[in-house]
Amino acid sequence: MKYFPIDSNLFVKNRKKFMAQMKPKSIAVFNSNDIYPIGADSTLPFEQSRDIFYLSGADQEETILLLFPDAMDPKKREILFVRETNDHIAVWEGAKLTKEQATEVSGIETVCWLKEFDKIFFDLMTEADTIYFNTNEHYRQAVETQTREDRFIEKCKKDFPAHQWAKSNPILQQIRGIKEPEEIALMQTACDITEKGFRRILEFVKPGVWEYEIEAEFLHEFVRNRSKGYAYSPIIAAGNNANVLHYLENNRQVKDGDMILLDLAAEYANYSSDMTRTIPANGRFTDRQKQVYSAVLRVKNEATKMLVPGVIWAEFHKEVGKVMTSELIGLGLLDKADVQNENPDWPAYKKYFMHGTSHHIGLNTHDYGELKTPMKANMVFTVEPGIYIPAEGMGVRLEDDVVIQEKGEPFNLMRNIPIEIGEIEELMNK
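Per an unreviewed UniProt entry, the protein is named Xaa-Pro aminopeptidase, and its organism is Flagellimonas hadalis. Of the protein, the UniProt comment under Catalytic activity (unreviewed entry) reads exactly: "Release of any N-terminal amino acid, including proline, that is linked to proline, even from a dipeptide or tripeptide." Of the protein, the UniProt comment under Cofactor (unreviewed entry) reads exactly: "Mn(2+)".

(A) How the structure looks around the packing of aromatic side chains. Tallied over the full model, the rule gives 18 aromatic pairs. On the basis of an interplanar angle of 85° and a centroid distance of 5.0 Å, the ring pair of F81 and F117 is categorised as edge-to-face. One end of the pair, F81, is in strand β5 (residues 78-82); the other, F117, is in helix α5 (residues 117-125), and 36 residues separate them in sequence. Owing to a relative accessible area of 0%, F81 belongs among the buried residues under this scheme. Owing to a relative accessible area of 6%, F117 belongs among the buried residues under this scheme. Site record: aromatic cluster; members linked through ring pairs are F81, F117, F121, F122, F133, F152, F160 and W165. The lysine or arginine in question, K157, covers the ring of W165, its NZ or CZ lying 4.4 Å from the ring centre. The ring of W346 is capped by K350, whose NZ or CZ atom sits 5.5 Å from the centre of that ring.

(B) Looking closely at the UniProt feature "domain: Aminopeptidase P N-terminal" (unreviewed entry) in the protein. Here the UniProt feature "domain: Aminopeptidase P N-terminal" (unreviewed entry) sits at residues 6-142. Between the C-alpha atoms that bound residues 6-142 there is a distance of 31 Å. The span itself is 30% helix and 20% strand.

(C) Quick look at the domain arrangement of the protein. Taken as a whole, the protein is organised into domain 1 (8-176) and domain 2 (181-428). Here domain 1 and domain 2 have C-alpha centroids that lie 35 Å from each other. With 19 residues of domain 1 in contact, the opposing surface of domain 2 contributes 18 residues. Across the domain 1 to domain 2 interface the summed buried area is about 1700 Å²; carbon plus sulfur atoms make up 50%. Inspection of the region where domain 1 meets domain 2 yields three salt bridges. Salt-bridge contacts for R176 lead to D367; the nearest nitrogen and oxygen are separated by 2.6 Å. For the side of domain 1 that touches domain 2, the element with the most residues is helix α7 (residues 169-177), which contributes five residues. When the residues that make up the side of domain 1 that touches domain 2 are grouped by side-chain class, the tally is five nonpolar, six polar and eight charged.

(D) Structural context of the state of the cysteines. Taken as a whole, this structure holds zero disulfides when the rule is applied. Between C112, a cysteine without a disulfide, and C156, which holds the nearest cysteine sulfur, the sulfur-to-sulfur distance is 18 Å. Since its relative accessible area comes to 11%, C112 is described here as buried.

(E) Examining the nonpolar core more closely. F18, I214, I260, L262, I279 and I387 are the most contacted members of the largest nonpolar core, which has 105 residues in total. For this core, the leading source of residues is helix α8 (residues 181-204), giving nine residues. Mapped onto the domain boundaries, this core takes at least three residues apiece from domain 1 (8-176) and domain 2 (181-428). For I260, the residues in contact, after removing those within four places along its chain, are V205, I214, I236, A237, A238, V254, R277, T278, I279 and A281. Membership of the second largest hydrophobic core comes to 21 residues, among which are L66, F81, F121 and A128.

(F) Structural context of the packing of helix α10 (residues 287-306) against helix α13 (residues 421-428). α13 packs onto α10 with a crossing angle of 125° between their chain directions and a minimal axis gap of 11 Å. In terms of their interaxial angle, α10 and α13 are classed as oblique. Side by side, α10 and α13 meet where K290, Y293 and S294 of the first sit next to I421, I424 and E425 of the second. Grouping the amino acids of the contact of α10 with α13 by side-chain chemistry returns three nonpolar, one polar and two charged.

(G) Seen up close, the pattern of salt bridges. Counting across every chain of the model gives 35 salt bridges. In this structure, R83 and E62 form a salt bridge, with 3.6 Å as the shortest nitrogen-oxygen distance. One end of the pair, R83, is in the loop between β5 and α3 (87-92); the other, E62, is in the loop between α2 (50-56) and β4 (64-67), with 21 residues separating them in the sequence. For E62, a relative accessible area of 28% translates into the label partly exposed. We note a salt bridge from E221 to R224, for which the minimum N-O separation is 3.1 Å. With a relative accessible area of 56%, R224 lands in the exposed category.

(H) Inspection of the sheet that holds β5 at higher detail. As summarised here, the arrangement of the six strands in space is β6-β5-β4-β1-β7-β8, forming an open sheet in which the pairing is mixed. The open sheet has two free edges, formed respectively by β6 (110-113) and β8 (164-167), since each of these has just one partner strand. Pairs of neighbouring strands in the sheet enclose a mean axial angle of 25°, with direction left out of account. The pairing of strand β1 (residues 26-31) with strand β7 (residues 130-133) spans three bridges and is classified as parallel. Directly across from I27, in β7, lies its bridge partner I131. Running at roughly 50° to β4, helix α1 (residues 9-19) makes contact with β1, β4 and β5 of the sheet.

(I) Looking closely at unusual backbone geometry. One non-glycine residue, N250, lies in positive phi territory at about 50°. Mapped onto the secondary structure, N250 falls in the loop between β9 (235-238) and β10 (259-263). On the accessibility criterion, N250 (2% relative accessible area) is buried. A positive phi angle is found at N378, which is not glycine, with a value near 75°. Along the chain, the position of N378 falls in the loop between α12 (336-340) and β14 (380-383).

Conventions and cut-offs
Residues numbered from 1 in each chain as written. Predicted model: local features only at pLDDT ≥ 70, side-chain atom pairs only at ≥ 80, totals over all residues. Heavy atoms only, no water. UniProt positions renumbered as here; feature names shortened; annotations may be inferred. Phe/Tyr/Trp six-rings, centres within 6.5 Å; stacked < 30°, edge-to-face > 60°. Helix = DSSP H or I, 4+ residues; strand = E, 2+ residues; numbered from the N terminus. Buried < 20%, exposed > 50% of the residue type's maximum accessible area, 1.4 Å probe, protein only. Lys NZ or Arg CZ within 6 Å of the ring centre and 35° of its normal. Domains from an automatic or database assignment. Contact = heavy atoms within 4.5 Å. Buried area = accessible area lost by both parts, 1.4 Å probe. Salt bridge = Lys/Arg side-chain N within 4 Å of Asp/Glu carboxyl O. Nonpolar A, V, L, I, M, F, W, Y, C, P; charged D, E, K, R; others polar. Disulfide = S-S within 2.5 Å. Core = buried A, V, L, I, M, F, W, Y, C linked by side-chain atoms within 4.5 Å. Axes fitted to C-alpha atoms, helices over the stretch in contact; angles between N-to-C directions. Parallel < 35°, antiparallel > 145°, perpendicular 65-115°, else oblique. Pairing = 2+ DSSP bridges.

In structure tokens:
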């Protein structure tokens, strides 16, 4: 892995939090992700399942974590199963974790080879009443591919029909949403790498460059700072492309007078950052661009102040909508009649700001975390308002990642990434 080793105490704490909420005499199993084929002998780069990584730190394919707090044998209350390596694998793929290394990474004393799983699992299931299945219940998931987790659940239901079933996801939603200090530090590193990429392209961008050239500049800076690369597919949208919310082509030449919407960020140690900035291609905002940009920045700043313990996510979005409505009226995009006659299910401001303002971020860009209960300290959220005006050929979005504090305003992990008009213009015209 490119990232520096993570202290295994983080994963020890995470497992303790999970096991504290398990039912008596229950087992929880977590599987690594598959390596997905492209065709012929080609595969996509391996990405570890964030749940098994969160609980073990194991960043390797063909890995299984088993948790059984009530196991009669204390050595079998936490077991990590890893792929047994050999000389052939070492030559062709690189060495895999030894048992000793797996213990060092995870803090789990009992490490077994994957081929031993079926026998050990059957034996432990004779002691257990309940099995926790790790289903993906994220509110935005739309997975069609069968995963290793899916196959395990299917087999387990067939082999152990008399056992009770429970869900890991509600526990994970709760504990993954509140970050440990070590996690916040890793996310800060991801944000710092993102900052380096942004400062690099401020000196690079000018009329005539291509969106994909900007993409390459960011990637260069990310990888040279120990990131695998982008935390999510980068959006580099010049001019009217910014009005396509999930624009991914990045194949247009930048023109003089364009603004460029940059929604992209680095990952570090599987933790995401998520940044959006909007910059002028020629290094100077026009008066109208300044008006719209400043309105979005004011909304972002006001929205950020609202993120405090006790706030309900859905109510937060309603309050941000009120602030945005006021700004759109100030820009001449809405009038009072538009607001008075609006559809409550689709307020007038949605014509120009049609997406949400915030989401959890962590091991996933759209991370696990409770949304229907009050916000808590050490949850990490994005703040990302935008105004999109196709008729004027511009779209502006600004986004930072912030940590909710016990008291006061959130702590901005992207506080050092330029966002003020004057600073951006100064850096682009050095």
